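# Breakdown of the fold
In case you want the letters, here they are:
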Amino acid sequence: MYQHLFAAGCLLAAQGSDLRAIRVELDEDIELQFPSLTVYVQVKTRNRPLIQSDIEGALERFATLRQEHSSGRRAGDAQFVVVSNQPPGEALARALAERDLSYVSLEWPGGRIGPQAPGLPPAWRDITSAVAWCTAAAEQLPLRTIAAETLVWKLAANVALASSGTEPYGDHQFLAESLPALFEQFARQLHDFPELLLHYRPHQGEPAIEATEHVRVVCGFSGAGKTSWAAQTAAHSGSACAYYDAGDTAPAALPSALVRECAAQLAGAVALEKVLLPGASGLESLRALDQALQEKGSSPILVIDNAHALPSTALDQVARNTSSIRLVLLCHPGRTVAELEALQGIQREDLRGWSVEDVAAEAAALGCTGTIEGMERLRVLTGGYPLFVQSAARLAALEHDGSIDEFVQSLEAGLHGAVTAQEVILERAFDGLPLQQQQAACALCFSDVPLSRAEMLTLLTRCLDMDEASAASIVRQLKTLGLAQSVGGDRARIHDAVRTLGKLRSNEVPEFKARALRELSEIILQSLQEHRDFGRIVFWARLLSALNHLEPLIELIGEEIFHEMGVIPEVSLALEQALASGALEPEQQFWAYDGLIFSALKHGVRERADKVAEWLAACERVVEQFGFSPTHRARLWMKRMNLAGVLRDEDGVMAALEQASRDMPDLKGHQRILAYNAAAALFFIGSHRIAEAVVSGVIDEYYGVLGISPDEVIGLKQPELWKAIKTPSLDIDDVKHLADALELLAMIGKETKRRMPHARTQAMRFYEIAGAIDSYVRAGLDVADDFVWVKDFLGARNIMEDFVLPFIQRHSMVGKLLDARSLYAVILAYSGEFDEAELQMRRLEPLIEGAPPPMQAQLADQNRLIAEIRQKGPPPQRRLREGARANPFAAKGAPIARQTAKVGRNDPCPCGSGLKFKKCHGG
């Protein structure tokens, strides 16, 4: 990092010099290219004075490079510099004095041997000094739209890219002539506010974004220009400002989203490790960010747009856990605003719209004229809101030859109130658009989530049969008209006030609506295949439901890995509604019931046992009525066996097992799945020995399928394990099934009081490879519990600190935090760190009230356990044998590869059933 910051310092120092280019990690750490001189820099960071061996290699390379310049193989003169954070030791200083090194200089904080080289910042003692110098230099740049410290860190990050030769720095160099544009690019990257209007007109009595209040609410209906006001005023603010659109944010995720999205902009050079603590909740991270800002003496402004979309309690919670961050909440008038005023003891600040003078000026700019009375009437009818004034003026120009008076008279003829007037204006503005723009707005209106530019163009080209250039032009026009809004990066959405109107209009053309929904569904599905996004999955489910196109949804809910994403309630509701409507084909009904039952079995069947029994009966009726294959019947009986096992119904388990065994085809893949389900059911009814024998056989078979042995797994690091099993024929479901079987074996071992040390850790590893994030965390918590059970508290801490907590944070698994953090607190208590354990539990207190009752009871029990451990003292740590590895994932040995041929998941099953392999013998 020191070297990257030194290169960033060279970039900042290049302003106003004749430097042509700066290269990093090419021949030397840093090279400065002047018209007739190249300065080669080696950067050395040490925690002690430099010695001869520290720089001997650099001196040898310098001599080689000098010879190349002397011989003409390299143009111009050369100068060589060693930069260090430490001075030379006495022996090195004497050695340098005795050698003829007139072409080399050594620089350290406060000292130098040899000639001074041009274009270099001073040597710094440490990272803190480096950041301070670079920040001061950045503050002198003419471009000051982002915090100077933020610019420094962005420069350092780009130096890291250039060091590796990563595009756009494939040649490892920065050209001096490109630096102004480079700095401006950084501003655009971090400036998440929507683009500034070319001609911004302030509101009457417009509030300033700068204020001393901790929390402010700026209020206005859609079209009032709240976002434009925030962007404009923030651009001229002397404080650091960040922007976050909360329109699609779940209330519980707000604190973590604010930290994730805004920490870099607000904190600048504050070390993020102080903010993004392993396993920390969103509120804890937010408090850490606020504390870091307070220590820095900074009080930045955070604008939260569409804050009315969140409950007032969520916003109040953010406010109560911050003090240095000044919050500006942009809201529609309504209940949320009223509640915030009561909770925070504040008063809203309304955007009052344009004055009559500004209304007239805008109308004139759009080619309209009118009396002051007409302009005032227009101001009153529109509330002076920019969007509505502009739409009205365009309509007046189009339909009344620019006469504002005539326009408002026609408008008032059917007017019943201000809100209706705005609706009428939007409707008529919509009608005034060219047909293709109307159709484009209607198509885009169906997306409740922001779309990227590429997604918008794809939707329009498919729905309107136009080329991409025409679609791009229409998108630009919709943005210009204010009907589409940028929401960060290249994403945009149709304005809220217009979207409802567009949907209503599309209802008049059912064929167009169906096509738009269908194409949008494909676009969202494509994005989900590339990136998991909770909001988009829920939206996609709604799209499929609206289209009555549930086959993809049914396929998805039948995939085990889908249930690792924690979004089943929304999908299950869509399928339940579809089943109730009677619109599904018999085959679809079977798989819909199958998926719903699987979901319930995975996510807590006891609470829905009656519903699951009802689904099983309905599924059985479908099978009997339509005479489905034995594979369908076997799958149904396995579900009955699973339910009976969870409910401790031994007779039900054995009866279902007999039926499933009779119907199950005699093929290895299906037999393994049946055996695993039988073992699980037998475990739940208490037949542990039989269950262990059955599942052990299943595990052996799956290891054979993957071409690896348990001992080999123990000896491999995680990347090596993945490489050992990754072949073109690998079915990732086999990896998931092996993990399930290993976890079941571990559960059996715990119930029978026999330790099976590697079963769960191996399950955990295979879950990670399979992408089964929910199961990975569950298994990880159980592994930590197992270590506690055998009094290996060091091992338990290792699992939590190195694997489980970082994994939860990396995947934003908020729902797992309470369980993981409370267990971690207990482990800390067992480790004798009572104060830290109690601190961990206190940090969870703000989250407890909203937790489910069972979790509240668990946390209460854990608090009591921690108090008891403090009082009585923890049991002694289990002594590890000499040479034992504390890291359960530590490795030895080499990877083993395998080669086997397998049928593709979506190929027809070779048994001739007519089903896809994944729905038949690959299930």
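Bear in mind the structure is a predicted one, so any value in this text is a computation, not a measurement. (Residues numbered from 1 in each chain as written. Predicted model: local features only at pLDDT ≥ 70, side-chain atom pairs only at ≥ 80, totals over all residues. Heavy atoms only, no water.)

Let's shift gears to the sheet that holds strand β5 (residues 104–108). One open sheet holds the seven strands; their spatial order is β6-β5-β4-β3-β2-β1-β7, and the pairing between them is mixed. Each edge of the open sheet carries a strand with a single partner, namely β6 (111–113) and β7 (173–175). The sheet shows a mean angle of 20° between the axes of neighbouring strands, taken without regard to direction. Note that β5 and β6 share three bridges and pair antiparallel. Paired with W108 across the two strands is G111, which belongs to β6. (Pairing = 2+ DSSP bridges. Helix = DSSP H or I, 4+ residues; strand = E, 2+ residues; numbered from the N terminus. Axes fitted to C-alpha atoms, helices over the stretch in contact; angles between N-to-C directions.)

Attention shifts here to the packing of aromatic side chains. Working definition: an aromatic ring pair is given by the centre-to-centre distance plus the angle between the planes. The tally for this structure, following the rule as stated, stands at 14 aromatic pairs. Geometrically, the ring pair formed by Y2 and W124 is edge-to-face, given 6.0 Å between the ring centres and 65° between the ring planes. Here the residue Y2 occupies a position in helix α1 (residues 2–13), and W124 occupies one in the loop between β6 and α4 (127–138), the gap between them amounting to 122 residues. This pair shows no difference in class: Y2 is buried, exactly as W124 is. Ring plane angle 85° and centroid distance 5.8 Å describe the contact between F80 and Y103, whose orientation is recorded as edge-to-face. (Phe/Tyr/Trp six-rings, centres within 6.5 Å; stacked < 30°, edge-to-face > 60°. Buried < 20%, exposed > 50% of the residue type's maximum accessible area, 1.4 Å probe, protein only.)

With respect to the helices and strands, D316 occurs in helix α10 (residues 312–320). The exposure class of D316 is buried, given its relative accessible area of 9%. Within polar-contact distance, the side chain of D316 engages the side chain of R320 at 2.6 Å. Not counting residues within four places of it along the chain, the set of residues in contact with D316 comprises L340, L343 and Q344. (Polar contact = N/O pair within 3.5 Å; in protein donor to acceptor, adjacent residues only side chain to side chain. Contact = heavy atoms within 4.5 Å.)

Of the residues in the chain, 83% reach a pLDDT of 70 or more, and the chain-wide mean stands at 81. Put simply, helix α16 (residues 418–431) is where the chain has its lowest mean pLDDT, 57, and strand β11 (residues 326–331) is where it has its highest, 94. Of the regions scoring below 50 in pLDDT, residues 414–421 engages in five contacts with residues more than four places distant in sequence or in other chains. Long-range and interchain partners of residues 891–903, a stretch whose pLDDT sits below 50, account for 39 contacts in this model, where long-range means more than four residues apart. (pLDDT = per-residue confidence, 0-100.)

With that settled, the discussion passes to the packing of helix α12 (residues 356–365) against helix α13 (residues 372–382). Here α12 crosses α13 at 100°, and the two axes come no closer than 9 Å. When the interaxial angle is binned, α12 and α13 end up roughly perpendicular. Two secondary-structure elements touch here, α12 through V356, V359, A360 and A363 and α13 through I372, M375, E376, L378 and R379. Tallied by class, residues from the contact of α12 with α13 come to seven nonpolar, no polar and two charged. (Parallel < 35°, antiparallel > 145°, perpendicular 65-115°, else oblique. Nonpolar A, V, L, I, M, F, W, Y, C, P; charged D, E, K, R; others polar.)

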